[in-house]
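Coordinate inspection notes
Letter by letter, the chains look like this.
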Amino acid sequence: MASREFQVPEPGAGDIPPSPAAPVIGDPRAGVPAPEGRAHFPSLLSEARAARIAAEQDEDRCWARDLNLDQIVAAVAGDREERDLITAVLYGRLRDAGAVRYRQEVFQDLEDPALSDAVQRFSGLMGEARAHLRQLGQMRYRYQREGWFLDAAAIHCDAVQSLAGHLASAPVSSRALRAFRDYLAAYVASAGFTALASDTRNRNDDLGRIRYCTRIWGDRVEVSRDTSEADYSAAVLSTFERFKQGAARDYLIRYRVQPGMNHIAAQIAELVARLFPEEFTALEEYCRQHAAFLDEGIRRASQELQFYLAYLDHIRPLRAAGLRFCYPEVSASSREVHATGTFDLALAHKLIAGRKPVVTNDFRLDGPERIFVITGPNQGGKTTFARTFGQLHHLAAVGCPVPGSAARLFLPDGIFTHFEREEDLAAMSGKLEDDLIRIGDILRAATPASIVIMNEIFTSTTVHDARFLGTKLLTKLMRLDALGVYVTFIDELASLGEHVVSMMSTIVPGNPAERTYRVVRKPADGLAYAMAIAEKYDLTYQRLHDRLTS
């Protein structure tokens, strides 16, 4: 038949129902198992087995809030498609040094700009293909679904072939990416993928050669094969070019890039399919044959790569500003830790955004040393140092590069924090009682493999009681042999024994009111600081005595 026509119905009245013969296609959760002879790819996050990451929605992450890690995780995950996976990975610490190094190797490979760009493109295309497949369930019309499915497969083939080609010659050294390179190479060479790529190309070529005409008069639409009618658009534009005065408004129609098809377009597609039955029958068979083309190992790898890419994107502006990151040595047994030129990652982003300098600090625990007791003036960087210590150990245990030029860090079984909270007026307990309850919970849960960070506790009681309670608490922590940071205004706690290291936030020499935000290893001298303030404002005992007796 030379042409087909139909009368335009009211919207919704003439919708074409999904064809009962149409195959069920494109479930993005359904993957093709690895063909015989090709190993199943486990994970880019874990060498031993496929990483099963599940976000713990109900977990109380007060430690993450205290350390501002929740801000870091939220900023890294952003609005990415895989933000739930990224969030779950960033909150999940590893205790095996080999597992940490497995992830560090991937990060180090992705430091190469060319490889990073190739992986970024692959991950983006795979996300686009998965989005196409998810949208199939929302489509009402058969040929729309089949065409969108074909597009998804074409994107998938492009992504896989492009990355496989790049990895074949790229200097890849990580175990994870070498295994993925081999897996991709085997997949691209497999009979299943070869058939998918060939069939996808053939179907696109066949459909791309279809030419048809539509004629519309009144409420009737006629669809016919293209009879090579003349295209007068160029002649019309040339004729009216002489009347052009300045930049003219563009009246060209911008078609939707999202998968939208109304009832009229669907009926036109139905008539085109009747005019070209061979091409559309082949498309239907293609969709049936490749209904679950998405390989499970490649799908998972493309999602897991988002974790690495997201974190590297997050630290890129800090590196551009001159701040350094390193891949720390890690251990689950040795508690001799150190870091050079480190800083609070959450605070650094705010400072760089405001064009303010970032102050870096160093720390070291050797031999029997386990606990930093930090004293010094208020607003001098003590709390920031405590947060930095916790952030570094958590991020290192996730496998991420950490702030600093060099570091050796411990892999804890847990991080426990006690930072000041607003008093709950609904509770019948006072602030001191609340502090003691929280500290009791921490001491019962912590182990020698834990990290305990306590910031400005016992501030609601007297100096005598704060000294007594602080001594008892630090003694318990020393007996526990856990790593820790204790921020306090009680100088005597900084000299309790060989397990304790005294550190102080410092001031500008000659101007005790100005902070350096540097925290250095030195004996506590809060009295000297107080005397410096008193001398600056002529408030020493002698000066007051002289003024009052004059």
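Scroll up to find the structure.
Anyway, here's the lowdown on the structure attached to this text. (Residues numbered from 1 in each chain as written. Predicted model: local features only at pLDDT ≥ 70, side-chain atom pairs only at ≥ 80, totals over all residues. Heavy atoms only, no water.)

Structural notes on the pairing of strand S10 (residues 406-410)
Cut-off, in case you're wondering: By definition, two strands form a pair when at least two bridges between them are found by DSSP. Here a strand is any run of E in DSSP of at least two residues, a helix any run of H or I of at least four, and the numbering for each starts at the N terminus.
Two strands pair when backbone bridges link them, and strand S5 (residues 329-331) and S10 are joined in this way by three bridges, in the parallel orientation. Bridging across to S10, Glu329 finds its partner in Arg408. Where strand S6 (residues 337-342) lies against S10, three bridges are found, and the strand directions are antiparallel. In the strand pairing of S10, His338 is matched with Arg408.

Description of the sheet that holds S6
Threshold: To obtain each axis, a line is fitted to C-alpha atoms, and for helices this fit is confined to the stretch in contact; angles are then taken between N-to-C directions over 0 to 180 degrees.
Strands sit in the order S5-S10-S6-S7 across an open sheet of four strands; the sheet is mixed. Sheet topology places S5 and strand S7 (361-365) at the edges, where each strand pairs with a single neighbour. Sheet twist, expressed as the average angle between the axes of neighbouring strands with direction ignored, equals 20 degrees.

A short note on the nonpolar core
As a reminder of what qualifies: Think of a nonpolar core as a cluster: buried Ala, Val, Leu, Ile, Met, Phe, Trp, Tyr and Cys residues, connected wherever their side-chain atoms sit within 4.5 Å. The buried label applies to any residue whose accessible area, calculated with a 1.4 Å probe on protein chains only, is under 20% of its type's maximum; exposed applies above 50%, and partly exposed to all values in between.
Of all hydrophobic cores here, the largest spans 125 residues; its most connected members are Phe180, Phe307, Tyr311 and Phe372. Here this core takes 13 residues from helix H6 (residues 142-169), the largest share from any one element. If you look at the next biggest cluster of nonpolar residues, it comprises 22 residues, including Ile371, Val452, Leu474 and Ala494.

Considerations on the packing of helix H2 (residues 69-77) against helix H12 (residues 296-320)
Working note: a packed helix pair is described by the angle between its axes plus the distance between those axes. Filter applied, for reference: For classification, angles of less than 35 degrees are called roughly parallel, those exceeding 145 degrees roughly antiparallel, those between 65 and 115 degrees roughly perpendicular, and all remaining angles oblique. In this description, contact between two residues means that some pair of their heavy atoms is separated by no more than 4.5 Å. Under the scheme applied here, ten amino acids are nonpolar (Ala, Val, Leu, Ile, Met, Phe, Trp, Tyr, Cys and Pro), four are charged (Asp, Glu, Lys and Arg), and all others, including Gly, are polar.
Close contact between H2 and H12 brings their axes to 8 Å; oriented N to C, the two are set at 110 degrees. The angle between the axes of H2 and H12 places the two elements in the roughly perpendicular class. On H12, the residues touching Ile72, Ala75 and Val76 of H2 are Ala310, Tyr311 and His314. Here the contact of H2 with H12 is built from residues that sort into five nonpolar, one polar and no charged.

Remarks on the environment of Asn202
Summarising the element assignment, Asn202 is placed in helix H8 (residues 191-208). Asn202 sits 81 residues away from Leu283 along the chain, and the two C-alpha atoms are 9.8 Å apart.

A look at a nonpolar patch on the surface
Here is the rule we go by: Only residues whose relative accessible area exceeds 30% and that form no salt bridge enter a patch; like-charged residues are grouped when within 9 Å of one another, and nonpolar side chains (Val, Leu, Ile, Met, Phe, Trp, Tyr) when within 5 Å. Areas reported as accessible are Shrake-Rupley estimates using a 1.4 Å probe. Residue values count occlusion only from the protein chains shown. Basic side-chain nitrogens of Lys or Arg form a salt bridge, by our definition, when they fall within 4 Å of a carboxyl oxygen of Asp or Glu.
Judged by side-chain polarity, Tyr232, Val236, Phe240 and Phe243 come together as a nonpolar surface patch covering roughly 490 Å² of accessible area. The topology assignment puts Val236 in helix H9 (residues 233-240). A relative accessible area of 43% means that Val236 is categorised as partly exposed.

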